[in-house]
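What follows is the residue order along each chain.
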Amino acid sequence: MASLPGHDSLADADDGSLAHRAADGDIRAFEVLMRRYEPLLSAYAARLLGSYTDTDDVVQESFIIAWQQLPTLHEVRAVRRWLLTIVTRKSLDRLRVRQNHDDIDDHEVASPTESPESAADASSLEDALSRALSALPEDQRRCWVLREIGGYGYDEIAEQLELPVSTVRGLLARSRKTLMREMEAWR
Amino acid sequence: MTDDSLSRARNDRDALDSAHLDGHTIEELGEYLDRGREPRDESIETSAAAQHALAALSRLRSVAPKLIEAEADSAPVRPPSWFKTILDQIGVQAHAGRDIPLHHEDERTTLQISEGAVRALIRDVGDAIDGILVERSKLDGDVETPGEPVRVRIDVSIYSTAEPSEVLEELNREVAAALATHTELNVAAIEVKVRDFDRDPEDVS
């Protein structure tokens, strides 16, 4: 690619340009988008799935779906939101399969920190909450992540997790209480 | 944890119980916040304890995206092979589009170029020009029938340092030349549209 003034490569292009280029068939543009969003999507999927192995598979599958569906994406400025939606869907599919196989013993809980030490030892508020989030029961963590990171409504979460809305309400309230306590303790 | 922070944590734990929230619960307050504090609930808005809890809930909400971004930042970087696995898979399903026939002296031989290859050609032409980025293009018309008129529509973005009229004219000229060299399309017109989200926010389809 020619050296554009101040923009020597596609790496500097905005999401919209990259999404258009990728939909037009440019694999390099898609690679730039992947590298830009892979860390966020993996962190998000790991929080929903609680397993590194599943996270890898889900994020890779999600990118392949994204490539296939790019030509039909109209709101190219919303690439981030759109990718998160694909990852959510694939993650929840994976959870349902896992539940059906009832083999939850063989996955490890994804925790970006090594030890479940108390929030007071954390180096930042994010770190403290990260630990607290890891310590939450899986169903609480999943609800909280879908609500606060995924931006889903109560009804959507209930539908996706195949739970009554009242249960989702309760799980969210409990997760919020725990995280609020950690947050206050850290201050 | 120090004694002080322990007792503070214990106080906060108590503060989250409904007995200390003027009869309100965290569940109720969380949902009130989720609804954008609408419709306005006087009993919540006038309770100091409920306000305190609402503030903490808001703070937690504002930290949530930063939390996941911090986790993303601290995760190990994926090796190139991780991305290559995906690229190898999507490479075989590139968006090829229609087949555009090319004339060959031997009538028994059929030659063709894919629509996707023509789009790639147009992108390459743009990449060779400073200050412009070809985002996508579309061939309007019956490209599968030789001689039928085709309109080439190109969406571009232009970098702020470039002179729009100059780069647009160059792109137009170079695309016409490249299509004449590599295809037999009867190009009736080349229309270049500059993408401008700020001025034309709805036109992104």
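Counting from 1, residues in each chain are numbered in the order their sequence is written. In the order they appear in the text, chains get letters beginning with A and ligands get numbers beginning with 1. Local features in this predicted model are restricted to residues whose pLDDT is 70 or higher, and side-chain atom pairs enter the listing and the counts only when it is 80 or higher, whereas totals over whole chains, interfaces and linings include all residues. Hydrogens and water are ignored here; the side-chain numbers use all heavy atoms of the structure.

Quick look at the confidence of the model for chain A
Move 1: Known as pLDDT, the predictor's per-residue confidence is scaled from 0 to 100. Chain-level pLDDT for chain A is 85 on average; 83% of the residues reach the 70-or-more range.
Move 2: Two residues qualify as a contact provided that any one of their heavy atoms is within 4.5 Å of a heavy atom in the partner residue. The low-confidence segment residues 110–117 of chain A (pLDDT under 50) makes 17 contacts with residues lying over four places distant or belonging to another chain.

Things to note about the interface of chain A and chain B
Accessible area lost on assembly of the parts is the figure often given for the size of an interface.
Move 1: Contacts between the two partners involve 68 residues from chain A, matched on the other side by 62 residues from chain B.
Move 2: For the pair chain A and chain B, the summed buried surface comes to about 6200 Å²; carbon and sulfur atoms form 61% of the total.
Move 3: Once two parts are brought into contact, the accessible area they lose, counted with a 1.4 Å probe and summed over both, makes up the buried area. The three residues of chain A that bury the most area against chain B are H20, D24 and M180 of chain A, which together make up 11% of that side's buried surface.
Move 4: What makes a salt bridge here is a side-chain nitrogen of Lys or Arg within 4 Å of a carboxyl oxygen of Asp or Glu, nothing more. Applying the counting criterion to the chain A and chain B interface returns 14 salt bridges.
Move 5: Residue R147 of chain A pairs with D34 of chain B through a salt bridge whose shortest N-O separation is 3.1 Å.
Move 6: We call two N or O atoms a polar contact when they sit within 3.5 Å, provided that within protein one can donate a hydrogen and the other can accept it, with sequence-adjacent residues counted only if both atoms are side-chain atoms. Across the contact surface, chain A and chain B share 25 residue pairs in polar contact (both at pLDDT 80 or more).
Move 7: Put simply, DSSP H or I for four residues or longer makes a helix, DSSP E for two residues or longer makes a strand, and each gets a number counted from the N terminus. Where the side of chain A that touches chain B is concerned, the elements lending two or more residues are helix 1 (15–23), helix 2 (27–49), helix 3 (52–69), helix 5 (125–135), helix 6 (138–148) and helix 8 (165–186) of chain A.
Move 8: For the side of chain A that touches chain B, the element with the most residues is helix 2 of chain A, which contributes 13 residues.

Some points on the packing of helix 6 (residues 115–127) of chain B against helix 7 (residues 164–182) of chain B
All names here are of chain B.
Move 1: The interhelical angle for the contact between helix 6 and helix 7, taken along N-to-C directions, is 140°, at an axis separation of 10 Å. Here helix 6 lies oblique to helix 7, going by the angle between them. Crossing hand, helix 6 versus helix 7: right-handed. The residues of helix 7 that touch helix 6, namely those facing V118, L121, I122, V125 and G126, are L171, E174, V175, A178, L179 and H182.
Move 2: Under the convention adopted here, Pro, Cys and the residues Ala, Val, Leu, Ile, Met, Phe, Trp and Tyr are nonpolar, Asp, Glu, Lys and Arg are charged, and Gly plus all remaining residues are polar. Its residues assigned to classes, the contact of helix 6 with helix 7 comprises eight nonpolar, two polar and one charged. Every axis corresponds to a line fitted to the C-alpha atoms, with the helix fit spanning only the stretch in contact, and the corresponding angles, defined between N-to-C directions, vary from 0 to 180 degrees. Throughout this description, any angle smaller than 35 degrees is read as roughly parallel, any larger than 145 degrees as roughly antiparallel, any in the 65 to 115 degree range as roughly perpendicular, and the remainder as oblique. By definition, turning the near helix anticlockwise from the far helix through less than a right angle yields a left-handed crossing, and turning it clockwise yields a right-handed one.

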